[in-house]
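Notes for the structure review
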Amino acid sequence: MTKIIAIANQKGGVGKTTTTVNLAACLAEMGRKVLLIDTDPQGNATTNFSINKVEQENTLYELLLGEISVNDCILKDVIPNVSIIPSNVNLAAAEIELIGIEEKEFIIKKEIEFIKDDYDYIIFDCPPALNTLTLNAMTTANSVIVPIQCEYLALEGLSDLITTINLVKERLNPELDLEGIVFTMYDGRTVLSQQVVENVKEHFPDKIYETKIPRNVRLSEAPSFGQPITVYDPKSTGAESYRSLAKEVDARK
Ligand SMILES: Nc1ncnc2c1ncn2[C@@H]1O[C@H](COP(=O)(O)OP(=O)(O)O)[C@@H](O)[C@H]1O
Ligand SMILES: [Mg+2]
């Protein structure tokens, strides 16, 4: 069975893309076949695999508008076992262009049906907003992984996100669950990091991954080389921590 996961948090800069890209790369290393869907007009996950996003003519945007079919926009094996549906800034217009289109929250879900059996995992990198793009990811997904940055105000907006997940579950996708919460940019030496973890634990005791992703400079360098951490620095703490997260995710499958 294919597991479909949306990586979501409407806050920007919390580690969604870093988690999507490197979780995909580490699952791929374990031999799993992964399709990454870049659902953010910023296209950072796309460039993270050395794809020139501006040059792409068949992207998630064209797929959403019904101009192409799903097989036209999948870039196969950008690294071994990882394929990607790319995005670029054009996707920002989709929100408006889809106004009035029937069942616009289900466009990706319907398209994915044709190819989902080719993959063990389909992972969405969501934009920092609770919009039609995020809803498309959430109607398609079985579950949501929420990255939380261990910083001041980390919990702000978390209850909105949980409310959204529950609303989608009630009205659009009864299958949808909160898969897990992963702490990113964790620094165990700071009281603040520990406090954020304790606070979230109180609310979601059984949803927290053992693995905490530490702040690691190699993780922040890798995107500018267009590489996931497994390629850029496979022995780094960042790579090891995402491998450990991938094992946990795969064990819960
Ligand atoms: N564990 C980490 N250690 C160091 N830098 C990180 C880590 N996770 C993310 N970053 C950096 O933080 C910034 C925001 O991360 P990103 O994954 O792009 O967040 P989002 O997709 O939620 O906006 C990026 O510059 C990224 O390289
Ligand atoms: Mg991002």
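Whatever comes next refers back to the structure up there.
Residues numbered from 1 in each chain as written. Chains lettered and ligands numbered in written order. Predicted model: local features only at pLDDT ≥ 70, side-chain atom pairs only at ≥ 80, totals over all residues. Heavy atoms only, no water.

1. A look at the overall build of the protein chain
Each helix and strand counted, the protein chain has 12 helices and 7 strands in total. Dimensions of the protein chain, computed from C-alpha atoms along their principal axes, come out at roughly 50 × 40 × 30 Å. Pairs at least 24 apart in sequence give 78% of the contacts found in the protein chain among residues at least 6 apart. Working note: accessible area of the protein chain is about 11,300 Å², and carbon and sulfur atoms make up 50% of it. Here the protein chain holds 24 positive side-chain charges and 37 negative ones, and the gap between their average locations is 6 Å. (Helix = DSSP H or I, 4+ residues; strand = E, 2+ residues; numbered from the N terminus. Contact = heavy atoms within 4.5 Å. Areas by Shrake-Rupley, 256 points an atom, 1.4 Å probe, with all protein chains shown as cover. Lys, Arg positive; Asp, Glu negative; His and termini not counted. Charge placed at Lys NZ, Arg CZ, Asp CG, Glu CD.)

2. Structural notes on the site of ligand 1
Around ligand 1 there are 14 residues in total, and G13, K16, T18, P214 and N216 lie nearest to it. At 2.9 Å from an oxygen atom of ligand 1 is found a side-chain nitrogen or oxygen belonging to T17. Note that a nitrogen atom of ligand 1 is positioned 2.9 Å from one of the backbone N or O atoms of N216. Protein coverage of the free-state accessible area of ligand 1, which is 560 Å², stands at 78%. Broken down by secondary-structure element, the contributors of at least two residues to the shell around ligand 1 are α1 (16–29) and α10 (217–221). A per-element tally of the shell around ligand 1 places α1 first, with 3 residues. Along the lines of polarity and charge, the residues of the shell around ligand 1 split into 5 nonpolar, 7 polar and 2 charged. (Near = heavy atom within 4 Å. Polar contact = N/O pair within 3.5 Å; in protein donor to acceptor, adjacent residues only side chain to side chain. Nonpolar A, V, L, I, M, F, W, Y, C, P; charged D, E, K, R; others polar.)

3. Some details on helix α12 (residues 237–251)
An α-helix turns once per 3.6 residues; consequently, residues spaced three or four apart project the same way. The end-to-end C-alpha separation of α12 is 21 Å, in line with the 21 Å expected for 15 residues at 1.5 Å each. Within the span of α12, buried status applies to G238, A239, S241, Y242, R243, L245, A246, E248, V249 and D250. (Expected span 1.5 Å × (residues − 1). Buried < 20%, exposed > 50% of the residue type's maximum accessible area, 1.4 Å probe, protein only.)

4. Observations concerning a nonpolar patch on the surface
The grouping of Y152, L153 and L192 at the surface amounts to a nonpolar patch, some 330 Å² of accessible area in total. For L192, the position within the fold is in helix α9 (residues 191–203). Among the residues examined, L192 registers a relative accessible area of 36% and is labelled partly exposed. (Patch = residues over 30% accessible without salt bridge, like charges linked within 9 Å, V, L, I, M, F, W, Y side chains within 5 Å. Salt bridge = Lys/Arg side-chain N within 4 Å of Asp/Glu carboxyl O.)

5. Some details on the packing of aromatic side chains
In this structure the tally under the stated criterion is 1 aromatic pair. When the ring of F225 is compared with that of Y232, the centres are 4.9 Å apart and the planes differ by 25°; the resulting orientation is stacked. The class for Y232 is buried, based on a relative accessible area of 17%. A cation over a ring is seen here: K212 above Y186, with NZ or CZ 5.8 Å from the ring centre. Taking NZ or CZ as reference, K253 lies 5.1 Å from the ring centre of Y121, over its face. (Phe/Tyr/Trp six-rings, centres within 6.5 Å; stacked < 30°, edge-to-face > 60°. Lys NZ or Arg CZ within 6 Å of the ring centre and 35° of its normal.)

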